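The residues making up each chain are set out below.
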Amino acid sequence: MTPPKYDSVDQYLSGISSEHLERAVELRNIIKSALPKAEEVISYNMPAYRYRKILVYFAVYQSHIGFYPTPSAIIAFKDDLNTYKCSKGTIQFSYEKPLPKALIEKICRFRFEEVS
């Protein structure tokens, strides 16, 4: 079965289960607040925030929310990310713990400065 194609972040969020929706909206709001000049778009069928180029993405999964700030941000914040599951360009935020708002904001601002 082919996953749905989303035209907007609101449409993406409308398909999220109620148990994960609050956390997804919280992450969206943190990103939008940290990146007021960024345009909210869908890229690779995920919510993304663009200013000149894509700054960050996120996606909701059953066991976590994936936050995709690109490999440069993972490298720059590696010491702050040692308690999170990470890969080359991804940070996984568990539903069991609060979102690290200040860290997400710092990462978003780092990405903005990187492309400005």
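As a reminder, the structure under discussion sits directly above these lines.
I will try to describe carefully the structure that is included in this document.

A few words on helix 2 (residues 18-34). Since one α-helical turn is 3.6 residues long, residues separated by three or four positions face the same way. In a regular helix each residue adds 1.5 Å, so 17 residues correspond to 24 Å; helix 2 covers 25 Å between its end C-alpha atoms and thus fits that length. What helix 2 keeps buried is the set H20, R23, A24, L27, R28, I30, I31 and A34. On an axial view of helix 2, the arc spanned by its buried residues comes to 160°, and they lie on one face. Opposite the buried face of helix 2, by more than 90 degrees, sit the exposed residues S18, E22 and S33.

Right, let's talk about the sheet that holds strand 5 (residues 85-86) for a bit. Spatially, the 6 strands line up as an open sheet ordered 1-2-3-4-6-5, and their pairing is antiparallel. Only two strands of the sheet have a single neighbouring strand rather than two, namely strand 1 (39-43) and strand 5. Looking at chain direction, strand 1 and strand 2 (residues 46-51) are connected through 5 bridges and run antiparallel. The partner of I42 across the bridge, within strand 2, is P47. Of the strands in this sheet, strand 1, strand 2, strand 3 (53-60), strand 4 (64-68) and strand 6 (91-94) touch helix 2, which is tilted by about 165° from strand 3. In the packing of helix 4 (residues 101-115) onto the sheet, contacts are made with strand 2, strand 3, strand 4 and strand 6, and the angle to strand 3 comes to roughly 150°.

Let us now look at helix 4. For helix 4, with 15 residues, the first-to-last C-alpha span of 22 Å sits near the 21 Å given by 1.5 Å per residue. Every buried residue of helix 4 is listed here: L103, I104, E105, I107, C108, R111, F112 and V115.

Applying the stated criterion across every chain, the model contains 0 disulfides. Summary of cysteine pairing: C86 is not part of a disulfide, and the nearest cysteine sulfur, belonging to C108, is at 14 Å. By relative accessible area, C108 is classed as buried at 0%.

The next thing to look at is the packing of helix 2 against helix 4. Put simply, helix 2 and helix 4 touch, their axes get as near as 9 Å, and they point 45° apart. Taken together, the axes of helix 2 and helix 4 lie oblique to each other. Where helix 2 crosses over helix 4, the two elements pack in a sense that is right-handed. Residues L27, I30, I31 and A34 of helix 2 lie in contact with helix 4, whose contacting residues are K101, I104, E105, C108 and R109. Taken together, the residues of the contact of helix 2 with helix 4 break down into 6 nonpolar, no polar and 3 charged.

What counts and what doesn't
Residues numbered from 1 in each chain as written. Predicted model: local features only at pLDDT ≥ 70, side-chain atom pairs only at ≥ 80, totals over all residues. Heavy atoms only, no water. Helix = DSSP H or I, 4+ residues; strand = E, 2+ residues; numbered from the N terminus. Expected span 1.5 Å × (residues − 1). Buried < 20%, exposed > 50% of the residue type's maximum accessible area, 1.4 Å probe, protein only. Arc of directions from axis to C-beta. Pairing = 2+ DSSP bridges. Contact = heavy atoms within 4.5 Å. Axes fitted to C-alpha atoms, helices over the stretch in contact; angles between N-to-C directions. Disulfide = S-S within 2.5 Å. Parallel < 35°, antiparallel > 145°, perpendicular 65-115°, else oblique. Left-handed = near helix turned anticlockwise from the far one by under 90°. Nonpolar A, V, L, I, M, F, W, Y, C, P; charged D, E, K, R; others polar.

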